[in-house]
Amino acid sequence: MHDVRPWFYCCHNEPDELCALYKQRRYTDTGVNYRSPRAAGGRGDPHITTFDGLGYTFNGAGEFWLIKSDSQHNRLMAAQARMEPFGEKSATVFTAFVLQCANSSRVQIEKVPIRKVDVLVDGVPMELTSGNPLLFDVAFTEVQVTVQEDLSAVSVAFACGFTFQVDVSLEALSIFSTAELKEHKTMGLLGVYDDNQANDLTDPEGQIISANSSLKTIHYNFGLKWLVKPSESLFSYTAGRSYEHYFKPQFVPNFNLPNISAAPLEAQEICNQSTECLYDYMTTENRAIASQTKSVSNQFIEAVEVFKREVLTCPPLKNPQNGIFRADNFMPGSVATFSCLSGHTLTGNQTITCTEEGFWTGSEPVCSSGALLFQVGNLLMVILLLLSVFN
C-alpha cells in the first residue's frame, strides 16, 4: 500500500505533468537485474537445506540459531528454532520458532497440544479462537503475520526482505524461508548465504566443516555450536518453563543411517521414493511425521524450481523529453503508452508492446513543442513555394 497509494493519487486518471513528477521522485524498478530469492528450511527429523542449497541432517535438542545476521549490516535477521526429542526415539523435531528482523516485532510460533499452535507477537498471544478472519492477517511493526484459519500454517513477512512459512502438524513444525541474495550476510544452521555451498557449515568461530562429514561430526562440530545462549534467547516461556527446560546438549541421536532399502511396504506407499520421508519413517516409526516430511519436501523442491526460472523482461524505457510513458511492468505482454505534456505533440508510436522474446514492438516516440512544429511547417511551405516558382 505504501507504493500503490502514491501512484494512485498521482498517476491514476491524473494529469501527465503530475505523474511525470511522481516518476521523477519515485523511480520505478524495471526488474531488468532482478534475481529470484533463494529458499531454505527445515522439516521432519530435522532435515535442513541452506540458502545455498546444501542439505544435511541435524538432531539437536535445545534452542538453536537458524539465522544470525552479520552484525556489520543494518538489517539484522534473527531466527531461532527449538528442537525437542520425539518421544522415546533417538530423534528430535522442531517444536517452536522465534523470528525478528532489526527493529521489527518479534514473532514466536509454538506447537501446543490443545490449540495445535500458538502465535505470540512481542510475547503477547494472537487471538486465534474467535473465528474472526480479520484477526488471522495482521500487520505489526515491520512484519505481516498471516495464520491459516485451520491453523495449518503461519506466514511471516518482514519488511527487511525475509519471509517465512511454518507448517503445523500435531507431531512437529517445519519451516520454509526465502530471501534475496543482497547484503544479507547470514550464519547459523541455514548456512552462510553467499552463493557458495562449501562454507555453509561454518561454526560461530568461523571454522568450516566439510559438507561430506558424518552425521556425528556435523552434530558435534557444527550443529551444537549454534546453541542459543540464555542471554541471546528471543523466546517467551510459559509458566514453569525456561531456557534450561529445553537445554539438552547431552542428548545423543542415532548417528547410523537407517537402511532405507529395507523400509516396510507401508513406508514405501507413504513416501513414494522420497529419501527424507523414508528416513523419518525408519527413525521415528511415525507415519504422520513421514507424511509431513514428504509433503513439505515436495513443496520445497517445487519452490526451488520456480525460483530457478529466468525472469524475462524487455529493456527499460525512459520518459521522452517533455513526455511520459505508463506501463504496469516490463514483462512480456506489457503495453507501454506514451503521451506528451501540454503544448507538445507526439511523433512516433503511441503504444509499444513487450514481446515474448524480450523486445519492444517499436521505438520510443518523441514529443515536440507546438512552436517547433509551427516553425518546421512554415519552412516546408517556403520550400514548396520556391520549388513551384523554379518549376
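Preceding this section is the structure that the text describes.
This section reports on the structure supplied with the text. (Residues numbered from 1 in each chain as written. Predicted model: local features only at pLDDT ≥ 70, side-chain atom pairs only at ≥ 80, totals over all residues. Heavy atoms only, no water.)

### Structural notes on the nonpolar core
Side chains that are nonpolar tend, in soluble globular proteins, to be buried together.
Argument step 1. Grouped together as the largest cluster of nonpolar side chains are 57 residues, with contacts concentrated most on F164 and L189.
Argument step 2. The greatest single-element share of this core, amounting to 6 residues, is contributed by strand β6 (residues 92-101).
Argument step 3. Grouped together as the second largest cluster of nonpolar side chains are 9 residues, C314, L317, A336 and C354 included. (Core = buried A, V, L, I, M, F, W, Y, C linked by side-chain atoms within 4.5 Å. Buried < 20%, exposed > 50% of the residue type's maximum accessible area, 1.4 Å probe, protein only. Helix = DSSP H or I, 4+ residues; strand = E, 2+ residues; numbered from the N terminus.)

### With respect to the packing of aromatic side chains
Argument step 1. Tallied over the full model, the rule gives 14 aromatic pairs.
Argument step 2. Geometrically, the ring pair formed by F330 and W360 is edge-to-face, given 6.2 Å between the ring centres and 85° between the ring planes. With F330 in the loop between β16 (323-326) and β17 (335-340) and W360 in the loop between β19 (351-353) and β20 (366-369), the pair connects residues that are 30 residues apart, well separated along the chain. There is no split in this pair, since F330 and W360 are both buried.
Argument step 3. Here the basic side chain of R82 rests over the ring of F235, its NZ or CZ set 4.5 Å away from the ring centre.
Argument step 4. Over the aromatic face of Y246 sits the side chain of R82, whose NZ or CZ is 3.8 Å from the ring centroid. (Phe/Tyr/Trp six-rings, centres within 6.5 Å; stacked < 30°, edge-to-face > 60°. Lys NZ or Arg CZ within 6 Å of the ring centre and 35° of its normal.)

### Focus on empty space enclosed by the protein
Argument step 1. For the structure shown, the criterion picks out 2 cavities of 30 Å³ or more.
Argument step 2. Here the largest cavity defines a volume of roughly 50 Å³.
Argument step 3. Lining the largest cavity are T57, F58, N59, L215, I218, H219, P253, N254 and F255.
Argument step 4. When residues in the lining of the largest cavity are grouped by element, the largest group, 3 residues, is from helix α3 (residues 215-221). (1 Å grid on protein atoms, 1.4 Å probe; cavity = no way out; pocket = protein on both sides within 12 Å on 5 of 7 lines; lining within 4 Å. Points joined across faces, edges and corners; volume = space filled by probe spheres on them.)

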